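Letter by letter, the chains look like this.
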Amino acid sequence: MIYMKNAGKKLLVTVITLALIPLFILLLVKITPTPPVEEIEFARVYLSDAGKDKAAIYSKKLYNEAKVNYDSAMANWRRENDRFIFSRDYDRVSHFAKISAARAGEAIESSKTNSSELRKKVKVKIENLNSMVSSINKLFTTYPLTSEIRNRISRGKFLLKEAELSYKSGQYVQANLKINDSEFYLKGSYENSLLNLEKYFESYSQWEKWVASAIKESKRNKEYSVIVDKVSRKVYIYKDGSKKHEFDAELGKNWVGDKRARGDHATPEGMYKVTKKFDSGKTKYYKALLLNYPNEEDLRNFKKEVAKGTLPSSAKIGGLIEIHGNGGKGIDWTEGCIALTDKEMDLVYKIVKVGTPVTIVGSAVDLQSILNR
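Residues numbered from 1 in each chain as written. Predicted model: local features only at pLDDT ≥ 70, side-chain atom pairs only at ≥ 80, totals over all residues. Heavy atoms only, no water.

**Q** Describe the overall build of the chain, listing the residues and the values that go with them.
**A** Scanning the chain for helices and strands turns up eleven helices and eight strands. Taking 373 residues into account, the globule formula puts the C-alpha radius of gyration at 21 Å, and the chain, at 43 Å, lies well above it. With the C-alpha coordinates of the chain rotated into their principal frame, the extents come out at 160 × 45 × 35 Å. Per-residue burial over the chain gives 39% buried out of 373 residues. Partitioning the contacts of the chain with sequence separation of at least 6, the portion at a separation of at least 24 is 66%. For the chain, the accessible area works out to roughly 21,800 Å², and carbon and sulfur atoms hold 55% of it. Here the chain carries 64 positive and 46 negative side-chain charges, and the mean point of each set is 2 Å from the other. (Helix = DSSP H or I, 4+ residues; strand = E, 2+ residues; numbered from the N terminus. Rg over C-alpha atoms; globule rule 2.2 N^0.38 Å. Buried < 20%, exposed > 50% of the residue type's maximum accessible area, 1.4 Å probe, protein only. Contact = heavy atoms within 4.5 Å. Areas by Shrake-Rupley, 256 points an atom, 1.4 Å probe, with all protein chains shown as cover. Lys, Arg positive; Asp, Glu negative; His and termini not counted. Charge placed at Lys NZ, Arg CZ, Asp CG, Glu CD.)

The structure is reproduced here in structure tokens:
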């Protein structure tokens, strides 16, 4: 009887124990701190997406904040996992994970906005610089700029091409750096060259008078008159006050400005006449028309410069300025003469006679009209 009572008690204890075990396990689960796995994963995905959107480039501050907070969340998680299970506290892990996700989300939006704005900014800069390059090519391809300016223009054009390639591949930050460097070289060179051109055109009022006088005399005398426009690189043939022919010209290598002395490679400016005609075999330039350079005004200006010391006392004024053949090279190569192709020279030689006026000017058109074109 006693045995049965003891057995019954043991059974009861066993039943109660078995019944309490699930409750105990449930209690343990309930009181054991749970790591914020979902929040950590959420922050990780957001940070990864921010990286894909190039937030490290276009929203660097926000992206770095997101990364620092994510690293802090992971460091705190590892530290808490090293502690006794029931004393773990994942509140700071959750806190840093939430901040990381928030900053990463902001970085994604900011990156998209900044990238779009930079793309537009770079596009406008590229368009503006290409327009500037077009102006440089039109105005200064044949203009005798210094080698330093030429090198800076070449460097600017090269950087512009690199910027365009970076832009097309979506590397807007790199494109912006290249375009800024390109602008530095091109803008400075263009402005310097434009100032030089503007200074050259300070003589335009005199050129205009010479051209008007030459055309007027052609009309009055019903004779041929030759006008050389150095900026446009043209030779115009007038008869009876009307333009009859137009040819491309090649000039002295240093044609900007008036000729000052022998060896300066400049093409003179002024009102001249043909003094001699050299047929084939009489000149090394196929055919040639010799001009009366230096005229009286050239001599006066030369003597003034020597007297002022702007030319050395050993300087010579030079001569033998011609309109001649052997042209068509596409570059300025003469010592100061005006070169035409042999075919064009045949025509000019035929219609021009000794005494025919030859007017040489910097430009027959004002600078503003050239810039507008």
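**Q** Account for the packing of aromatic side chains, naming residues and giving values.
**A** Overall, the coordinates contain 14 aromatic pairs when judged by the stated rule. For the ring pair Phe 140 and Tyr 143, a centre distance of 5.4 Å and an interplane angle of 85° mean the geometry is edge-to-face. Side by side, Phe 140 and Tyr 143 carry an identical accessibility label, which is buried. Taking the centre distance of 5.3 Å and the plane angle of 75° together, the rings of Phe 184 and Tyr 185 count as edge-to-face. A relative accessible area of 53% means that Phe 184 is categorised as exposed. You can call Tyr 185 partly exposed: its relative accessible area is 24%. (Phe/Tyr/Trp six-rings, centres within 6.5 Å; stacked < 30°, edge-to-face > 60°.)

**Q** Describe in detail a nonpolar patch on the surface, supporting the description with residues and values.
**A** On the surface, Ile 57, Val 173 and Leu 177 cluster together into a nonpolar patch covering about 240 Å² of accessible area. A residue is classified by how much of its surface remains accessible, and Val 173, at 31% relative accessible area, is partly exposed. (Patch = residues over 30% accessible without salt bridge, like charges linked within 9 Å, V, L, I, M, F, W, Y side chains within 5 Å. Salt bridge = Lys/Arg side-chain N within 4 Å of Asp/Glu carboxyl O.)

**Q** Go over the pattern of salt bridges with me, naming the residues and quoting the values.
**A** Under the defined criterion, the tally for this structure stands at 18 salt bridges. One salt bridge in this structure joins Lys 67 and Asp 71, with 3.8 Å as the shortest N-O distance. Here the residue Lys 67 and the residue Asp 71 both occupy positions in helix α4 (residues 60–81), the gap between them amounting to four residues, near one helical turn. Residue class for Lys 67 comes out partly exposed when judged on its relative accessible area of 38%.

**Q** Tell me about the packing of helix α5 (residues 91–140) against helix α7 (residues 172–200), and please be specific about residues and values.
**A** Orientation of α5 relative to α7, taken along the N-to-C sense of each, is 30°, at an axis distance of 9 Å. As judged from the angle between their axes, α5 and α7 are roughly parallel. In the packing of α5 onto α7, the handedness of the crossing is left-handed. For the contact of α5 with α7, the residue count by class is 17 nonpolar, six polar and five charged. (Axes fitted to C-alpha atoms, helices over the stretch in contact; angles between N-to-C directions. Parallel < 35°, antiparallel > 145°, perpendicular 65-115°, else oblique. Left-handed = near helix turned anticlockwise from the far one by under 90°. Nonpolar A, V, L, I, M, F, W, Y, C, P; charged D, E, K, R; others polar.)

**Q** Please give an account of helix α2 (residues 37–52) that cites residues and values.
**A** Between its first and last C-alpha, α2 extends 23 Å over 16 residues, near the 22 Å set by a 1.5 Å rise per residue. Packed against the buried residues of α2 are α3 (55–58), α4 and α5. Positioned one or two residues after α2, Lys 54 has a phi angle of 60°, which is positive. (Expected span 1.5 Å × (residues − 1).)

**Q** Describe the packing of α2 against α5, naming the residues involved and giving the relevant values.
**A** It is at 8 Å that the axes of α2 and α5 come closest, and there the two elements cross at 25°. As the angle between them shows, α2 and α5 are arranged roughly parallel. Judged by the twist between their axes, the crossing of α2 over α5 is left-handed. Packed against α2, whose contacting residues are Glu 39, Ile 40, Phe 42, Ala 43, Tyr 46, Leu 47, Asp 49 and Ala 50, the element α5 presents Val 93, Ser 94, Ala 97, Lys 98, Ser 100, Ala 101, Ala 104, Gly 105 and Ile 108 at the interface. Considering only residue class, the contact of α2 with α5 consists of eleven nonpolar, three polar and three charged.

**Q** Mind laying out unusual backbone geometry, listing which residues take part and the relevant values?
**A** Leaving glycine out, the prevailing phi sign among residues is negative, and the prevailing peptide bond configuration is trans. With an omega of 5°, the peptide bond between Tyr 293 and Pro 294 qualifies as cis. By secondary structure assignment, the location of Pro 294 is in the loop between β5 (288–291) and α9 (296–308). Phi at Lys 54 is positive, roughly 60°, even though this residue is not glycine. In this fold, Lys 54 is placed in the loop between α2 and α3. Unusually for a residue other than glycine, Asp 240 sits at a positive phi of about 55°. For Asp 240, the location among the structural elements is in the loop between β2 (234–239) and β3 (242–248). On the accessibility criterion, Asp 240 (33% relative accessible area) is partly exposed.

In short, shape yes, function no, at least from these values alone.
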